[in-house]
Amino acid sequence: MTRVVLAPDSFKGTITAADAAASLAAGWASVDPSATFVHRPMADGGEGTVAAFAAAVPGARRMPVVVDGPAGVPLETSWLLLPPSAGSPGGTGVIDLASTSGIELLDDLRPWDADTTGFGQAIAAALDHGVTRLVVGIGSSASTDGGTGMLSALGARFLDASGEPVARGARGVADIASVDLSALRTAPQVRVLTDVTNPLVGPRGAAVVFGPQKGLDASELPDVDAGLARLADLLGLDAALPGTGAAGGTGGALVVWGAALAPGAAEVAELIGLADAISDADIVITGEGSYDGQSGDGKVPSFIAGLAASAGAVALLAAGRITADSDVSLFAASASLTDIAGSSDAALAEPARWLREAGALLASSV
Ligand SMILES: Nc1ncnc2c1ncn2[C@@H]1O[C@H](COP(=O)(O)OP(=O)(O)O)[C@@H](O)[C@H]1O
Ligand SMILES: O=C(O)[C@@H](CO)OP(=O)(O)O
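Below: a short report on this structure. (Residues numbered from 1 in each chain as written. Chains lettered and ligands numbered in written order. Predicted model: local features only at pLDDT ≥ 70, side-chain atom pairs only at ≥ 80, totals over all residues. Heavy atoms only, no water.)

### Let's talk about the environment of Ile138
Right, so step 1: Of note, Ile138 is situated in strand β6 (residues 133-138).
Right, so step 2: Residue Ile138 is classed as buried on the basis of its relative accessible area of 0%.
Right, so step 3: Distance from Ile138 to Ser99, taken between C-alpha atoms, is 9.9 Å for residues 39 residues apart in sequence. (Helix = DSSP H or I, 4+ residues; strand = E, 2+ residues; numbered from the N terminus. Buried < 20%, exposed > 50% of the residue type's maximum accessible area, 1.4 Å probe, protein only.)

### Describing the site of ligand 1
Right, so step 1: Taken together, 15 residues are adjacent to ligand 1, and Lys12, Thr14, Gly289, Arg321 and Ala347 come closest.
Right, so step 2: With respect to ligand 1, the backbone of Gly289 contributes an N or O atom lying 3.1 Å from an oxygen atom.
Right, so step 3: Interatomic distance of 3.0 Å between a side-chain N/O atom of Arg321 and an oxygen atom of ligand 1.
Right, so step 4: In isolation ligand 1 offers 570 Å² of accessible surface; the protein chains occlude 80% of this area.
Right, so step 5: Of all the elements in the fold, those that place two or more residues in the shell around ligand 1 are β11 (283-291), β12 (314-322), α13 (337-341) and α14 (344-349). (Near = heavy atom within 4 Å. Polar contact = N/O pair within 3.5 Å; in protein donor to acceptor, adjacent residues only side chain to side chain. Areas by Shrake-Rupley, 256 points an atom, 1.4 Å probe, with all protein chains shown as cover.)

### Remarks on the pattern of salt bridges
Right, so step 1: Summed over the entire model, instances satisfying the criterion amount to six salt bridges.
Right, so step 2: With its nearest N and O atoms 3.2 Å apart, the salt bridge here joins Asp282 to Arg3. Remark: Arg3 occurs in strand β1 (residues 3-6) and Asp282 occurs in the loop between α11 (274-279) and β11; sequence separation between them is 279 residues.
Right, so step 3: For Arg3, a relative accessible area of 36% translates into the label partly exposed.
Right, so step 4: In this structure, Arg185 engages Asp128 in a salt bridge whose closest nitrogen and oxygen atoms are separated by 2.8 Å. One end of the pair, Arg185, is in the loop between β8 (178-180) and β9 (189-194); the other, Asp128, is in helix α4 (residues 117-129), with 57 residues separating them in the sequence.
Right, so step 5: Overall, the relative accessible area of 31% leaves Arg185 in the partly exposed class.
Right, so step 6: Classification of Asp128 by relative accessible area gives exposed; the value is 56%. (Salt bridge = Lys/Arg side-chain N within 4 Å of Asp/Glu carboxyl O.)

### Observations concerning the side chain of Asp44
Right, so step 1: By the secondary structure assignment, Asp44 is in the loop between β2 (36-39) and α2 (49-56).
Right, so step 2: Although Asp44 is buried, it forms no salt bridge, and the closest oppositely charged side chain is Lys299 at an N-O distance of 4.7 Å.
Right, so step 3: Here Gly46 takes part through its backbone nitrogen, which lies 2.9 Å from a polar atom of the side chain of Asp44. (Lys, Arg positive; Asp, Glu negative; His and termini not counted.)

### What about the packing of aromatic side chains?
Right, so step 1: The full count for this structure, using the stated rule, is one aromatic pair.
Right, so step 2: When the ring of Tyr291 is compared with that of Phe331, the centres are 5.9 Å apart and the planes differ by 80°; the resulting orientation is edge-to-face. On the criterion of sequence distance, the pair formed by Tyr291 in strand β11 and Phe331 in the loop between β12 and β13 (333-336) is long-range, its members being 40 residues apart. Each member of the pair, Tyr291 as well as Phe331, is classed as buried. (Phe/Tyr/Trp six-rings, centres within 6.5 Å; stacked < 30°, edge-to-face > 60°.)

So, to be careful, I would describe these as geometric facts and stop short of saying anything about function.
Rendered as C-alpha cells:
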C-alpha cells in the first residue's frame, strides 16, 4: 500500500492548492487504488496561506470581515482564528494579504491606487477579537504602497509637506514628508511569512521586480523605487533587509511594526506539521503553476523536495508549465500540464482535469 502525501502550492490564477491536491490524488488512485493519501495543501505566504492553515489545524475557524479591498470598494473576506495554545492563550490570528489586498481580487490592475489598507483592517479585526499571536502571509499583492495602507489601518499617519494625509497607494508614497507613529497599535507576537526574500529598493526591490506585474510602466519604476527609499529613511528601516520588498514593501512595514520576517514555505510547512506527515510517506507530490528558473531555494516545490529527501520519500512534481531553465533533478519524475494538455491555453482552461492526468502519469512512472 503506497502512502502518498499531496503538498502542492496553488497554481496561481487557475486552481487552489487544496483542489490541486484532490485532483492529483484522484489521478493517482485511478492507477493505484490501494494507495492512501494525506492532503497537505501548501502555501508560501502568498495566496492560499490561510487555506493551508484551515486545512491542517483542527478547530480553526474562519472569521468574516469587511475591508477596503484593492479595487477601492468594500470586500467581504475572512481571517482565520486558531484555537488557544500554550504560547498564545488568546488564540492565533492567521491573515493573508492575498485575501484582503491581493492582485487576484482585481479585474483591472490599479498600480497607483491599490493599497494594503484592507490587510491592516483584517489585522485590526483579529487584534480586536483578542488574539495574542498573529501569523501573517504576504505576497500576491496588488499594490506597491510600502505597506503604508496597512500601517495606516493600524493607527499610523503619513503626512505631506502641509501636514495633510497623503493619498492611498503608490500615488501617495512620493508625497510623504513626515510619519506619525504615535497612535500605532502595539504588535503582539507576529510571525510574517514572506513569499520572496527581495529587499525593499534597488534592482531587486519591490518596484523594479514586482511593479510591472501590477501594471507599472518601466518608465514609472524609478519614481516608485525612490519613493520607497525615502519612506524607508523616514521610518528608520534598513531597505536592504531580505523580505522587506515582499508584497510591494509590506514586508518592510511589518518590520517597522516590530514583526519578524521568515521565508514562507519553510514556516508554513512547520506550522502545519508537514515533516510529521511526510515522515512515514513513500511518495510526496508537490507542484505550482510555473516551475521555472526562479523556483530555487525557498519556493514550495524545492523546499518540499528537500523535506522528502530527508524523510527518505520519493518526491514528484506536477506544474502548470516547466521551463527549460528549471532544475527538475530534485524530483524522481515530473509532469507538465501544458505538455499533457498539448497547449498552455488548454492547461490553463481545465487545471483539475490535467492534474488528474498528471497524478495518473506520475503513479505510472514510479
Ligand atoms: N493550469 C495551469 N497550466 C499552465 N500554466 C499555469 C497553470 N496555472 C498557473 N500557470 C502559470 O503559472 C503562473 C503562476 O505561477 P505560480 O508558480 O503559481 O505563482 P508564483 O510564481 O507567484 O508562486 C501563471 O502566471 C501561469 O502562467
Ligand atoms: O506581492 C508581491 O509583490 C509579490 C512578491 O511578494 O508577490 P508574488 O511573488 O506572488 O508575485
